[in-house]
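Chain residues, written in single-letter form:
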Amino acid sequence: MVDYQGLLQAGSPLRPAKAEAPARRWIGTGPWRRLLILAALAAVWEITARIVGSPLLLPGFLTTLAAFGQGVASGELPLRTLASLQVLVAGYAIGVVAAAILAGLATASRLGAELLSTLTAMFNPLPAIALLPIALLWFGLGTPSLLFVIVHSVLWPLALAAHSGFRAVPRPLAMVGQNLGLGGAAYVVRILVPAAFPAILAGLKIGWAFAWRTLIAAELVFGVSSRSGGLGWFIYVNRNQLETANVFAGLLTIILIGLLVESLLFRTLSRLTVERWGTQNP
């Protein structure tokens with residue numbers, strides 16, 4: 001016999017559950033939660049700056065926002081940002097292609113796996129900043145040196161992540177692809193890549209973060225000599241002039257770009273791939 005009273009008390013479909021408050025439902029959505037977190041961090045920043053009481057040491061959020069607006073209005077901040085992004089995207093793309101080749105070779109043969117294992121053991125622990133003197137000797141000042149250190153920072157973590165993802169593909173799934181007659185590029189594209197894409201996506205995110213760090217640090221060196229840097233040069237010049245608010249405005253620009261890339265690019269890519277394929281929970 002069905003206990004209808006118990007079902008009603010448990011909130012069964014026979015009696016609709018109490019509607020969620022509109023405010024709670026509004027706050028519960030992902031974008032608004034992130035905005036609330038950012039607003040709270042901005043408030044903490046402003047309060048801390050007022051407690052410190054020294055704009056030279058720590059300008060407040062409102063002061064930094066004003067400096068950011070002035071930099072955008074003058075056109076200097078957008079130009080510096082564009083210069084950095086052009087180099088960053090080019091180096092990141094080269095690193096992704098190189099990582100895909102290494103991970104493919106490592107998956108296809110034991111020799112390739114040993115090659116990737118040896119190279120990553122040698123070069124992955126090596127900081128990209130340590131290669132700046134070599135980049136100067138080999139390529140001189142300018143974009144090629146920046147590309148060299150960016151590719152180094154992206155290549156190894158992404159290749160490791162992709163190879164680990166390929167190795168983690170369940171054997172039954174691989175056997176299904178082979179039974180369907182898939183081989184070569186079709187097997188990789190239709191079986192291996194979708195199954196390993198959560199690991200690949202994680203590697204792409206890590207590579208992007210490493211590329212940003214390396215670029216800004218490298219521009220602080222190359223920009224000093226060639227005056228052709230992007231955001232790193234902007235930060236360096238304003239630091240020398242004790243314009244701390246402008247320094248924080250440059251840092252705020254990097255943070256905003258990181259948030260935009262995460263929200264618009266990686267989250268969209270995740271929804272269109274791993275969440276749709278069912279290989280990762282939304």
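Up top is the structure these notes are about.
Attention here is on the structure that accompanies the text. (Residues numbered from 1 in each chain as written. Predicted model: local features only at pLDDT ≥ 70, side-chain atom pairs only at ≥ 80, totals over all residues. Heavy atoms only, no water.)

## Points about the overall build of the protein chain
What counts, and what does not: Here a strand is any run of E in DSSP of at least two residues, a helix any run of H or I of at least four, and the numbering for each starts at the N terminus. Only protein chains enter the accessibility calculation, which uses a 1.4 Å probe; a residue whose area is less than 20% of its type maximum is buried, one above 50% is exposed, and one in between is partly exposed. Residues are treated as being in contact if the distance between any of their heavy atoms lies within 4.5 Å. For accessible areas, the Shrake-Rupley method is used with a probe of radius 1.4 Å. Any residue's cover is judged against the shown protein chains and nothing else.
Across its full length, the protein chain carries 12 helices and 0 strands. The N-to-C order of helical and strand elements in the protein chain reads α-α-α-α-α-α-α-α-α-α-α-α. In the protein chain, which comprises 282 residues, the share counted as buried stands at 35%. If you take every contact in the protein chain between residues at least 6 apart in sequence, the share linking residues at least 24 apart comes to 66%. For the protein chain, the accessible surface area stands at approximately 16700 Å², while carbon and sulfur atoms represent 68% of it.

## As for the environment of Ala 162
On the secondary structure map, Ala 162 appears in helix α8 (residues 143-167). Overall, the relative accessible area of 8% leaves Ala 162 in the buried class. When the C-alpha atoms of Ala 162 and Ala 202 are compared, they prove to be 9.0 Å apart, with 40 residues separating the residues in sequence. If sequence neighbours within four positions are ignored, Ala 162 has contacts with Ala 103 and Ile 200.

## As for the pattern of salt bridges
Stated formally: Salt bridge, as used here, is a side-chain nitrogen of Lys or Arg placed within 4 Å of a carboxyl oxygen of Asp or Glu.
Scanning all chains against the criterion turns up 3 salt bridges. One salt bridge in this structure joins Glu 46 and Arg 50, with 3.0 Å as the shortest N-O distance. Residue Glu 46 and its partner Arg 50 are both found in helix α3 (residues 30-52); the two are separated by 4 residues, about one turn of the helix. Note on Glu 46: relative accessible area 14%, which makes it buried. The salt bridge involving Glu 262 is made with Lys 205; its shortest N-O contact spans 3.8 Å. One end of the pair, Glu 262, is in helix α12 (residues 244-277); the other, Lys 205, is in helix α10 (residues 185-226), with 57 residues separating them in the sequence. A single salt-bridge network, built from bridges that share partners, covers Lys 205, Glu 262 and Arg 267.

## Describing the packing of helix α5 (residues 76-108) against helix α11 (residues 231-240)
The cut-off we apply is this: For helices, the fitted axis covers only the stretch in contact; all axes are lines through C-alpha atoms, and the angles between them, taken along N-to-C directions, range from 0 to 180 degrees. Angle categories: roughly parallel below 35 degrees, roughly antiparallel above 145, roughly perpendicular from 65 to 115, and oblique for all the rest. Lys, Arg, Asp and Glu make up the charged group, whereas Ala, Val, Leu, Ile, Met, Phe, Trp, Tyr, Cys and Pro make up the nonpolar group; the residues left over, Gly among them, are polar.
It is at 7 Å that the axes of α5 and α11 come closest, and there the two elements cross at 135°. On the basis of the axis angle, α5 is oblique to α11. Here α5 contributes Glu 76, Leu 77, Arg 80, Thr 81 and Ser 84 to the contact with α11, which in turn contributes Leu 231, Trp 233 and Phe 234. Considering only residue class, the contact of α5 with α11 consists of 4 nonpolar, 2 polar and 2 charged.

## As for the packing of helix α4 (residues 61-74) against α12
In contact at an axis separation of 8 Å, α4 and α12 are set at 80° when each is read in the N-to-C sense. One finds that α4 runs roughly perpendicular with respect to α12. Only Ala 245, Asn 246, Phe 248, Ala 249, Leu 252, Thr 253 and Leu 256 of α12 make contact with α4, whose side of the interface consists of Thr 63, Thr 64, Leu 65, Ala 67 and Phe 68.

## A few points about unusual backbone geometry
Across the chain, the bulk of peptide bonds are trans and the bulk of non-glycine residues have phi less than zero. The backbone phi angle of Leu 242 is positive, close to 60°, even though this residue is not glycine. Tracing the sequence through the fold places Leu 242 in the loop between α11 and α12.

## Some details on a nonpolar patch on the surface
For clarity, the cut-off: Residues forming no salt bridge and having over 30% relative accessible area are the ones grouped into patches, like charges within 9 Å of each other and nonpolar side chains (Val, Leu, Ile, Met, Phe, Trp, Tyr) within 5 Å.
Side chains of Trp 32, Leu 35, Ile 37, Leu 38 and Leu 41 sit close together on the surface and give an oily, nonpolar patch of about 470 Å² of accessible area. Relative to the helices and strands, Ile 37 is located in helix α3. Residue class for Ile 37 comes out exposed when judged on its relative accessible area of 52%.

## Some words on the packing of aromatic side chains
Note the threshold: Classification of ring pairs uses Phe, Tyr and Trp, with its six-membered ring standing for Trp, and accepts pairs whose centres are within 6.5 Å; under 30 degrees between planes counts as stacked, over 60 as edge-to-face, and the remaining range as tilted.
Enumeration over the complete set of coordinates arrives at 9 aromatic pairs. With centroids separated by 6.0 Å and ring planes inclined at 40°, the aromatic side chains of Trp 45 and Phe 248 adopt a geometry described as tilted. Separated by 203 residues along the polypeptide, Trp 45 in helix α3 and Phe 248 in helix α12 bring together distant segments of the chain. Here the aromatic rings of Trp 233 and Tyr 236 are separated by 6.0 Å at their centres, their planes lie at 20°, and the arrangement is stacked. A residue pair is termed a helical-turn pair when its members lie 3 or 4 positions apart in one helix, as Trp 233 and Tyr 236 do in helix α11 at 3 residues. Overall, the relative accessible area of 7% leaves Trp 233 in the buried class. By the ring-pair criterion, three or more aromatic residues cluster together here, those being Trp 45, Phe 61 and Phe 248.

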